[in-house]
Every structure is written in structure tokens, then in C-alpha cells.
Amino acid sequence: MPITGLPNTAALGGTGETPYDVDGNVIVEDMNLPFDESSNPIKLDDYGLDGEGLVAVSDGTFWISDEYGPHMVHFNAEGVEIGRINAFADDVRNTFTLPAEFINRRANRGMEGLAITPDEKTLVGIMQSTMYNPSKAVKVNDIVRIVTINLTDGSVTQYLYKQEKTQNSQSGIVALSNTEFVVIERDGSFYNEDTSAMKHLYKIDISNATDLESIAAVGNITQDDTLGLLIDGKTLEEVALETDGWATIANTGIETVSKTLLVDLVAETGYPHDKLEGMWLINKSTIGVLNDDDFASWGSGGVLEQKYLDAGQTVIDGSRLYIIEGVDLVN
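All values reported here derive from a predicted model rather than from experimental measurement.

Novice: Would you mind showing me how to read the overall build of the protein chain here?
Specialist: Helix and strand counts for the protein chain stand at 3 helices and 21 strands. The principal-axis extent of the C-alpha atoms belonging to the protein chain is close to 60 × 45 × 45 Å. Relative to its full complement of 331 residues, the protein chain shows a buried share of 49%. Pairs at least 24 apart in sequence give 55% of the contacts found in the protein chain among residues at least 6 apart. As displayed, the protein chain has an accessible area near 15500 Å², and 50% of this comes from carbon and sulfur atoms. Put simply, the protein chain has 21 plus and 53 minus side-chain charges, and the middle of one group is 4 Å from the middle of the other.

Below, the structure written as C-alpha cells:
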């Protein structure tokens, strides 16, 4: 099946995204007729992907993760789908299945980052933001989930990552070893407008973190089929919002992934962009990063506008590669 960028149906994660064509028209089933919710609805596609993470494998195949399902799709060298992983147990295309709570991803904030371990045995995905688990009431939060999938037997592990600021975004991940990774953590601010803008690279280690899938139900700890691990009947996203919520999580024996700041892009380069999304591991001490300029445009009040880097609207955003040398990726 051809892969489109159209949103999925609700049964496979669609959350009401609206697709547009190049002329700004809403894409409907019959473009010769006006939109009608019943007779000519918005066109959806269960093979549609909003691709974000990309992993190339030595056998010539590759994996893409996306923001819709989230889906993790395996393609052969000719671009033909040969496998799929998502959280929808009834999806007959699935090779393996993610925990059901990943269905509760925040709209347009799905699996932004995807990596594969050096032995090519395990996929590692990181969600961009706090999932709406169980609802959008947990939106202003600093808890993010990392998931790994063994490509031989489909076994899953799941870990917690604590952000530096609520509603930051995890926009990329690359593997250093089977347990160590570099991740992007950023906010959505422009440095020229907000000197506290955060565009960081962190080295993380999952080796001493607690696998949520391995925690047995006992006492106030339960495992829900749709919401995952619960503490006192609350999701981890709900608990993290509470006063001393992270202490409560820690007191249950859950350790987050360890993280060490590698690069502050604002301090290092004066990084002017709002988004930091691409990452390239060049060698053991050099890393490249890219911004996402959104085609130098964005929506404001439903109107498409030019995207500028400065309040004076004189510098249009554009794609740029930054090479950072002397990064301590080994120790």
C-alpha cells in the first residue's frame, strides 16, 4: 500500500487531525464536492504516517516511527512495508504490539525519536511529550516514556524520563550502546525573545532505571490493561502532577533513567530557532544537530504566517546544520 501523510482513523489512533492539500484546501473523499460529515467526510488513511524517527539497519531495511499511532513501521530497501509495531492489539499488520497506554499519545506529539541498539536487536522509541494518560488533564507535565522492543521475540521494556521543564519536547534519540543514548530535550522558545530558551542534548542510561513492565501488582500498585502501571489507582502521569509526585513514584521503587547534560546549544552556538529536532552522531566526540523550520511558516489564529527568528520579523527561519565538537560521548 502507498504510504500517505493522511491521518489515521480513530480505531488506529486518529485524534481529529485535519489534512490539507498544497492549496490549503481540506482533503475530503471527493475533492470535487464540498465537505459533508456524512456523505463527503475528511479523507483518512490507516497507512498514513507523520514520520519523525528514522533508523537504518545494516541489511538495507529501515524503520520509521510517527506521531499518529504511534506506529513503528519496518520497510525493505525498496520501501515496501514488511512489519509494524503499534499499541493496537487488533491491527492484523502488527508483528509485535506496544503496551496499550501508548494509544493515549498527545495529538501531534507521538514517537518523535527512534533508535536501534548497536547490535541491531532492539528498537528504542521516546515519546515527544507527556501522554494524555488518561486524558489531556495531565498535559502540563514533565513525565515522558521510553519504550524498547526486542526485535526477536517482541518483549517490551518501558522507562520514565523526567524533563527539565514541563511541556518540553524530546525530539530525537541516538544509541551509544545497548543501554546509553543521546536525547534531545527542548522547549518551544526563541532565544532572541526568551533568554531562558532551552535546547539541550543529554546522555541517558537505562541500565539502572526501573522497567515498568516488570513491576508486579502488589498493595497500591496495579497494572491496568489500558492505562499501564497505576499507583493508588492513578496513572503515572496523574501522580507526577501531584505535590511531591515524583517522590511518590520514587518511593514505589521506580528509578528514572539517569541523565547528564552534554551540550547546551544556546550557550554553545546562540541557537536561535524554536525547534531542535535532527541529530547526527558523527564520531565519539562530534555530533551534528538540525532545526526544524516548519517550511518557514506556522499557524497563528488559524492563519498561515511567515516564521521569523526575531521579534522584529527581519530574519526568516531556515534549516541549518550545527556541528558540535569535543562532546564527551564515551565517559
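Novice: Explanation requested: the pairing of strand β13 (residues 221-224) in the structure shown.
Specialist: It is a general feature of regular strands that their side chains alternate between the two faces of the sheet. Pairing of β13 with strand β14 (residues 228-231), which is carried by 4 bridges, proceeds in the antiparallel orientation. Within β14, the position partnered with Ile 221 by the bridge is Ile 231. Linking two consecutive strands that pair antiparallel, namely β13 and β14, is a turn of 3 residues.

Novice: What's the story with unusual backbone geometry in this structure? I'm lost.
Specialist: A negative phi holds for most residues other than glycine; trans holds for most peptide bonds. Here the residue pair Gly 69 and Pro 70 is connected by a cis peptide bond, since its omega of 5° sits within 30 degrees of zero. For Pro 70, the position within the fold is in the loop between β2 (62-66) and β3 (72-75). Geometrically, the link from Asn 133 to Pro 134 is a cis peptide bond, its omega value of 20° lying close to zero. Mapping Pro 134 onto the fold places it in the loop between β7 (122-126) and β8 (143-150). With phi around 55°, Asp 232 is a residue other than glycine that occupies positive phi space. For Asp 232, the location among the structural elements is in the loop between β14 and β15 (234-235).

Novice: It is not clear to me how the environment of Glu 101 should be interpreted in this structure. Could you clarify?
Specialist: Mapped onto the fold, Glu 101 is located in the loop between β5 (96-97) and β6 (113-116). As for Glu 101 and Asn 133, which are separated by 32 residues in sequence, their C-alpha atoms are 6.9 Å apart. Setting aside anything within four residues of it in sequence, one finds Glu 101 in contact with Met 131, Asn 133, Arg 145, Gln 158, Glu 213, Thr 226, Leu 227 and Gly 228.

Novice: Quick question: what am I supposed to make of the pattern of salt bridges here?
Specialist: Oppositely charged side chains may form a pair once their charged atoms are brought near each other. Taken as a whole and judged by the stated rule, the model has 17 salt bridges. We note a salt bridge from Glu 17 to Arg 105, for which the minimum N-O separation is 3.2 Å. Of this pair, Glu 17 sits in the segment before β1 (51-56) while Arg 105 sits in the loop between β5 and β6, placing them 88 residues apart in sequence. Comparing Glu 17 with Arg 105 shows no difference in burial state: the two are buried. When the shortest N-O distance is used, the salt bridge between Asp 294 and Lys 275 registers 3.1 Å. Taken as a pair, Asp 294 in the loop between β18 (286-290) and β19 (297-300) and Lys 275 in the loop between α3 (265-269) and β17 (278-283) lie far apart in primary sequence, 19 residues in all. Among the charged side chains, a salt-bridge network with shared partners connects Asp 274, Lys 275, Asp 294, Lys 307 and Asp 317.

Novice: Before we go on, may I ask you to explain the side chain of Glu 67 in this structure?
Specialist: Inspection of the secondary structure assignment puts Glu 67 in the loop between β2 and β3. Lacking a salt bridge, the buried Glu 67 has Arg 109 as its closest oppositely charged neighbour, with an N-O distance of 6.4 Å. Not counting residues within four places of it along the chain, the set of residues in contact with Glu 67 comprises Asp 50, Glu 52, Arg 105, Asn 108, Arg 109, Gly 110, Met 111, Glu 112 and Gln 128.

Novice: Please explain the sheet that holds β15 as it appears in this structure.
Specialist: Note: strands within a sheet are paired through backbone hydrogen bonds, in either parallel or antiparallel orientation. Spatially, β13-β14-β15 is the arrangement adopted by the 3 strands of the open sheet, whose pairing is antiparallel. Looking at which strands have only one partner, the edges of the open sheet turn out to be β13 and β15.

Novice: Sorry, what's going on with the packing of aromatic side chains here?
Specialist: Each pair of aromatic rings is reported with the distance of its centres and the angle of its planes. By the definition in use, this model includes 3 aromatic pairs. Ring plane angle 25° and centroid distance 5.2 Å describe the contact between Phe 62 and Phe 75, whose orientation is recorded as stacked. Remark: Phe 75 occurs in strand β3 and Phe 62 occurs in strand β2; sequence separation between them is 13 residues. On the basis of relative accessible area, Phe 75 is assigned to the buried category, the value being 4%. Centroid distance Tyr 271 to Tyr 322: 5.1 Å. Interplanar angle 45°. Geometry classified as tilted. Taken together, the residues Tyr 271 in the loop between α3 and β17 and Tyr 322 in strand β21 (residues 321-325) connect sequence positions 51 residues apart.

Conventions we followed
- Residues numbered from 1 in each chain as written.
- Predicted model: local features only at pLDDT ≥ 70, side-chain atom pairs only at ≥ 80, totals over all residues.
- Heavy atoms only, no water.
- Helix = DSSP H or I, 4+ residues; strand = E, 2+ residues; numbered from the N terminus.
- Buried < 20%, exposed > 50% of the residue type's maximum accessible area, 1.4 Å probe, protein only.
- Contact = heavy atoms within 4.5 Å.
- Areas by Shrake-Rupley, 256 points an atom, 1.4 Å probe, with all protein chains shown as cover.
- Lys, Arg positive; Asp, Glu negative; His and termini not counted.
- Charge placed at Lys NZ, Arg CZ, Asp CG, Glu CD.
- Pairing = 2+ DSSP bridges.
- Salt bridge = Lys/Arg side-chain N within 4 Å of Asp/Glu carboxyl O.
- Phe/Tyr/Trp six-rings, centres within 6.5 Å; stacked < 30°, edge-to-face > 60°.

Honestly, that's just the spatial picture; any functional story needs more than this.
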